[in-house]
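# Residue-level structural notes
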Amino acid sequence: MKKPLGELYKGQKGRIDSFNDKALSLKLMEMGFLPGEVIQLSHIAPMGDPIAVSVSGYILSLRLEEANTIIVEC
Amino acid sequence: MGNFPGVTVEKKTGLCNLENSKAEIIDLPGCYSLAPKSIDEEISFNVLCNPNNPDKPDVVVVVADASNLKRSLFLCTQIVDLKIPTVLVLNMIDQADKKGLTIDFDALSVELGIPVVYTNARKQTNIRALIKVISGAVSVSEKTIVDVGYLNAAALNEAKSICSVNNTYSAFVIANSPSVFLDVDKSYLLELSLQKHNYKRLQAQSSEALHRYAAIGEIIKKCISHFPVSESKINALLDKVLTHKVWGYLIFLGVLFFIFQAIFTWSTYPMDLIEKGLIGLSGWLTDILPSGILVDLLCRGIIPGLTGVLIFVPQIALLFAFIAVLEDTGYMARVSFIMDKAMRKFGLNGRSVIPLISGVACAVPAIMSARTISNWKERMITIMVTPLMSCSARLPVFTLLIALIIPPDKTFLGFSLQGVTLMLLYLIGVVSALLSAYVMRLFIKTKEKSWFIMEMPDYRAPRWDNIGITMLEKVKLFVLSAGKIIVIISIVLWGLSSFGPDDTFGRVEQKYSANEYSQQFSEKEIMNKIAAEKLELSYAGILGKKIVPIISPLGFDWKIGVSLITSFAAREVFVGTMATLYSVGDAENSSTVREKMAAAINPLTGGKAYTFAVGFSLLLFYVFALQCMSTIAIVYKETKHWKWPLIQFIYMGALAYLSSFIAYTIFK
């Protein structure tokens, strides 16, 4: 099933499928968000936003709005 | 590499002894790629890619996180493709071991065509080997990891000649970020040429990133083997507590409380020492040097100006030591993480927390630390509202005025009312900073999208030597950038308060040399009276009286007017000016200033000059007004435009005037 990264539950894993924001996708790719890469939602900030994900061997935090430009297959 | 929020936003240089020579080492701010997205990344980009940069390196040493080689190789292979002699250092090799990674250094060196050295900088492992490699001749790699020529050869060829570089990849990265260092004409030419060749910037960059990661994937397959190990649980556990919806905030508050307590209590002793030392110095110089205008300038203009700069050194050093510890341990990233949502409501960013908090010590380093905010709008708003946080220079003014208008024995809910008032003033500062940010959010326009993609590093013990260096650097930066301006303005203000029109000063001295005074008063009392009367008749005094019609609605008299003018350079000058005006002599003894001010009579009403209304109105004025030349200077330096400090000065002045006016009208 394909859905935006922000809709994973805490601890859920998925595989990056595609991006829907061109400018942002470049920055994301440079930081290791690559199509096919396994990604896991590891923390959610107290107010529900931002979230922290584990990808390419490290943990990155990003806002929900940014996370939702990443479509994951899970 | 790594862009953890914090203080590493300038390039740093140092000298290093190599085997047969000396080298200048430039440490650049961390970045992930050669496509800069914030000011600190632009600094690194400029050094690496600008062929005309005076700091253009002979050898680039890429320090990569060995435990996360894939991402680290992204920047490294980009630099290899720039055709600059490069050495790859795999740092944190212990972390890689823990993760069960085995790296074949020789194979990696062959694949990249550059020397590869492993180190553990924290434990100083293998640093000698690195020095040996750098000392030898490092040549340009013969490999090209990604040949971008396939993207749009015609456009890139023309870009090469416009940017005067002979390497296609250099032309490629400059074409993608032309505004960083190209002048207007060249970037216009480049833009036209790229359009002519139908060059699609984003598409090209994405395509490069994908190709590069594909190439890196191949390299890693050949050089790294992975053994499964059980992962440490400490990080996850700490994250659970520190980003918890209750504990996370409570711990953060506790940390803040501790830092403030430490800054205020630990710095008292060195601050006293600096102040007493310099006052002593100026007194001693006055005694031993012949009296004259130059000595007066030195002792009453330059040395007090220097005191005004140096007095902040202990607080700034401590604040940055604490910030460096928080950054180094990885805690700062968690603070930004849990604060982002709340800060965003006010048009700020999780990373704005650091500048805003630092603003309580001093706005100058605080505004500098806003550089890590990559979004232009959020950075501007942070810079604009940070000076509203009550900085340590306001503290002497607050203490004096609170003692003047609030009786020390009064309590509020069991706490000293004086202390509660002080806290209230700080709160007003915080709330007005957030509200101003909220309003500015509506006015500052940008097309740029805000983002908050940030690495959450593993928790580690702080590196104490690194913290010591950060402290020194920040202090140096403050003394040099703010110090110059404070000293200059102090000299101007000395001039304004030491000279008057015509021969008024001579007449004052003549008046007090009459016998009736020498019989009635001691020599010291006469000296103080002369000083007070001279200040009243000086240009500063005249200006103070001129602005009375403007400030009388706020309840201020000409003496406050003079103090407002003299404390324009730095707020704490207020106390010294008051001391002179009430002929106390030295500002050393603030309790005598307070007694004199408390006894002062308002000639119009016959009652006390410093009523609650006047005192509170003045306090509010100092909460809001931007009376700090150093802040104005640093805002100009950081925004590169006079518009911003000007707007800031006006809006904060308006807030000050309005709130003082309202307070005075209500309490009068």
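Since the structure is predicted, the reported quantities are computational estimates derived from the model, not experimental observations. (Residues numbered from 1 in each chain as written. Chains lettered and ligands numbered in written order. Predicted model: local features only at pLDDT ≥ 70, side-chain atom pairs only at ≥ 80, totals over all residues. Heavy atoms only, no water.)

## Notes on the interface of chain A and chain B
For the record, the criterion: Here, residues are in contact when the closest pair of their heavy atoms is within 4.5 Å. Accessible area, probed at 1.4 Å, shrinks when two parts are joined; the buried area is that loss added up over both. What counts as a salt bridge is simple: a side-chain nitrogen of Lys or Arg found within 4 Å of a carboxyl oxygen of Asp or Glu.
If you look at the interface, chain A gives 34 residues, while chain B gives 39 residues. Where chain A abuts chain B, roughly 3300 Å² becomes buried across the two surfaces, and 62% of that area is made up of carbon and sulfur atoms. Considering only the surface of chain A that becomes buried against chain B, Lys27(A), Glu30(A) and Arg63(A) emerge as the three largest contributors, covering 22% of it. For the interface between chain A and chain B, the tally reads four salt bridges.

## A few points about the domain arrangement of chain B
All names here are of chain B. To keep it simple, the criterion reads: How far each domain reaches was decided by an automatic or database domain assignment. Any pair of nitrogen or oxygen atoms within 3.5 Å is treated as a polar contact; in protein, a donor-acceptor pairing is required on top of that, and neighbouring residues in sequence qualify only through side-chain atoms on both sides.
Entries for chain B in the domain assignment read domain 1 (12-145), domain 2 (232-266 + 312-388) and domain 3 (485-667). Taking only C-alpha atoms into account, the centre of domain 1 sits 30 Å from that of domain 2. Taken together, the contacts link six residues of domain 1 with five residues of domain 2. Approximately 400 Å² of surface area, both sides summed, lies buried where domain 1 meets domain 2, with 54% of it carried by carbon and sulfur atoms. For the domain 1 face of the interface with domain 2, the top three residues by lost area are Ser38, Ile39 and Asp40, together amounting to 65%. The interface formed by domain 1 and domain 2 holds zero salt bridges in total. Applying the counting rule to domain 1 against domain 2 returns zero residue pairs in polar contact (both at pLDDT 80 or more).

## Some words on the environment of Ser54(A)
Residues and elements named next belong to chain A. Formally: Starting at the N terminus, helices and strands are each numbered in turn, a helix being any DSSP run of H or I of at least four residues and a strand any DSSP run of E of at least two. Residue exposure (1.4 Å probe, protein chains only): buried if accessible area is under 20% of the type maximum, exposed if over 50%, otherwise partly exposed.
Here serine 54 is to be found in strand E4 (residues 51-55). Residue classification places serine 54 among the partly exposed positions, given a relative accessible area of 25%. Taking the C-alpha atoms as reference, serine 54 lies 17 Å from glutamate 65; in sequence the two are 11 residues apart. Beyond its immediate stretch of four places on either side in the chain, serine 54 contacts Val38, Ile39, Gln40, Ser42 and Ile59.

## Overview of the sheet that holds strand E3 (residues 38-44) of chain A
Filter applied, for reference: For two strands to pair, DSSP has to find at least two bridges joining them. Every axis in this analysis is a line fitted to C-alpha atoms, fitted for helices over the stretch in contact. Angles between the N-to-C directions lie between 0 and 180 degrees.
The sheet built from seven strands is open, its strands ordered E1(A)-E6(A)-E2(A)-E3(A)-E4(A)-E5(A)-E10(B) with antiparallel pairing. Edge positions in the open sheet fall to strand E1 (2-4) of chain A together with strand E10 (454-456) of chain B, since each of these has one partner strand only. Averaged over all adjacent pairs, the angle separating strand axes in this sheet is 45 degrees, with direction ignored. As defined by bridge partners, strand E2 (residues 13-19) of chain A adjoins E3(A) across three bridges and the pair is classed as antiparallel. Of the residues in E3(A), the one forming a bridge with Gly14(A) is Ile39(A).

## A closer look at the sheet that holds strand E3 (residues 60-65) of chain B
All names here are of chain B. Spatially, E3-E4-E6 is the arrangement adopted by the three strands of the open sheet, whose pairing is parallel. Where the open sheet ends on each side, the last strands, each with one partner, are E3 and strand E6 (116-118). Mean inter-strand twist for the sheet, computed between neighbouring axes without regard to direction, equals 25 degrees. The sheet contact formed by E3 and strand E4 (residues 86-91) spans six bridges and is parallel. Each residue of the ladder has a partner; that of valine 61, found in E4, is valine 87.

## Considerations on the packing of helix H7 (residues 168-176) of chain B against helix H9 (residues 201-223) of chain B
Residues and elements named next belong to chain B. The line we're drawing: The scheme is simple: roughly parallel for angles under 35 degrees, roughly antiparallel for over 145, roughly perpendicular for 65 to 115, oblique for anything else. A clockwise turn of the near helix away from the far one marks a right-handed crossing, whereas an anticlockwise turn of less than a right angle marks a left-handed crossing.
Their axes nearest at 10 Å, the elements H7 and H9 cross at an angle of 130 degrees. Here H9 runs oblique to H7, going by the angle between their axes. For the crossing formed where H7 meets H9, the hand is left-handed. Contacts between H7 and H9 pair Tyr169, Phe172, Ala175 and Asn176 from the former with Arg201, Ala204, Gln205, Glu208 and Arg212 from the latter.

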